[in-house]
Amino acid sequence: SDDGKLSFDEFKAYFADGVLSGEELHELFRTIDTHNTDNLDTEELCDYFSKHLGEYENVLSVLEDLNITILKAMDKTKKDYQEASNLEQFVTRFLLKETLNQLQSLQSSLECAMETTEEQTRQERKDPTKPEVLSVQWPGKRLARRLQRNNSLSSNNTYSSTGWIEEDNQWVIQINRLQKLIDRLEKKDLKFEPLEEEVLEENARSHIMIIQHQMSVIEEKVEEFRLALKQYVESASAQGGCLHVSIQKLPSNFHFTVYEFWENNNAWNSHLQMNYNKAFQRSNMDFLETPELITTMLVPGKY
């Protein structure tokens, strides 16, 4: 409530991790509350966690320095970018993209460690007490994936491709099965079946190419970006090898995610050479706050 202290409800909403039960969270709260006020202040939180930092004391210290360094670099970029030459602007964009890639790689490693430790703890615990469910999600890719999945392949999406024809119903089935597979992976209840060999029919299209674009748009450029994106989707959807295009916008910010399904890798590579795609990529240099993040994945077209 922004009063400088945490009640138990506020503490539980932030610190619940889906593993500790409500009773265990309450016991932890009482342990930290050395002033016995039924509220936690900054001093009590710092005293408790500082005793348990270990190696993470150095990690957090370095992260604080890194945060300051990045903010200084961003401030200088903001001041100097518009006056820089085309070559200097290119170098700046490259450095921004490389910095982002390095940070995302680090984030991915940390998330894997988090998920592994959480899963190990759940498997080891024999206490039947019901864990306290997360009220506030930790930031990161897992939350982004959930938000994206909740909005994905929506039939009422403003810019979704609607040019499906009856003979392509099999592709719809395949895409829906992929979506269910992703959901099962998220829930960590996937059980692998014994290995089975699959013989593809002659001339069968063996793989589908899935592409995810993640774009953070400058607030003042959103309307121009929407127009350019709409033209891009219409052009891509008209290509023979394009199976489906779907766009989602997170409600809390100006982050757009585009999903594209292509018949195969050749169709995707051909799309990359088209003028409409190159024009869209050039316009994004002016519209995006950070370089676009593209993820590609080949999946069996028959599975």
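Treat the numbers as computed from the prediction; the structure is a model and nothing was measured.

Novice: What is the right way to read the pattern of salt bridges from this model?
Specialist: Scanning all chains against the criterion turns up 3 salt bridges. Among the salt bridges present, the one from R226 reaches E223, with a minimum N-O distance of 3.9 Å. Separated by 3 residues within a single helix, R226 and E223 lie in helix α8 (residues 222–237), roughly one turn from each other. Of the residues examined, E223 reaches a relative accessible area of 58% and is grouped as exposed.

Novice: How should the packing of helix α2 (residues 22–32) against helix α3 (residues 42–50) be read in this particular structure?
Specialist: For any two helices packed against each other, one specifies the inter-axial angle together with the distance between the axes. Between α2 and α3, the shortest axis-to-axis distance is 9 Å and the interhelical angle comes to 105 degrees. The pairing of α2 with α3 is recorded here as roughly perpendicular in orientation. In contact with L28, T31 and I32 of α2, α3 contributes E44, L45 and Y48. The residue inventory of the contact of α2 with α3, partitioned by class, reads 4 nonpolar, 1 polar and 1 charged.

Novice: Can you walk me through helix α10 (residues 275–287) in this structure?
Specialist: For α10, built from 13 residues, the straight-helix expectation of 18 Å at 1.5 Å per residue is met to within 8% by its first-to-last C-alpha distance of 18 Å. Residues Y276, N277, F280, S283, N284 and F287 constitute the buried set of α10. For α10, the angular spread of the buried residues around the axis is 125 degrees, confining them to a single face. In α10, the exposed positions that point more than 90 degrees away from the buried face belong to N275, R282 and D286.

Quick notes on the rules
- Residues numbered from 1 in each chain as written.
- Predicted model: local features only at pLDDT ≥ 70, side-chain atom pairs only at ≥ 80, totals over all residues.
- Heavy atoms only, no water.
- Salt bridge = Lys/Arg side-chain N within 4 Å of Asp/Glu carboxyl O.
- Helix = DSSP H or I, 4+ residues; strand = E, 2+ residues; numbered from the N terminus.
- Buried < 20%, exposed > 50% of the residue type's maximum accessible area, 1.4 Å probe, protein only.
- Axes fitted to C-alpha atoms, helices over the stretch in contact; angles between N-to-C directions.
- Parallel < 35°, antiparallel > 145°, perpendicular 65-115°, else oblique.
- Contact = heavy atoms within 4.5 Å.
- Nonpolar A, V, L, I, M, F, W, Y, C, P; charged D, E, K, R; others polar.
- Expected span 1.5 Å × (residues − 1).
- Arc of directions from axis to C-beta.

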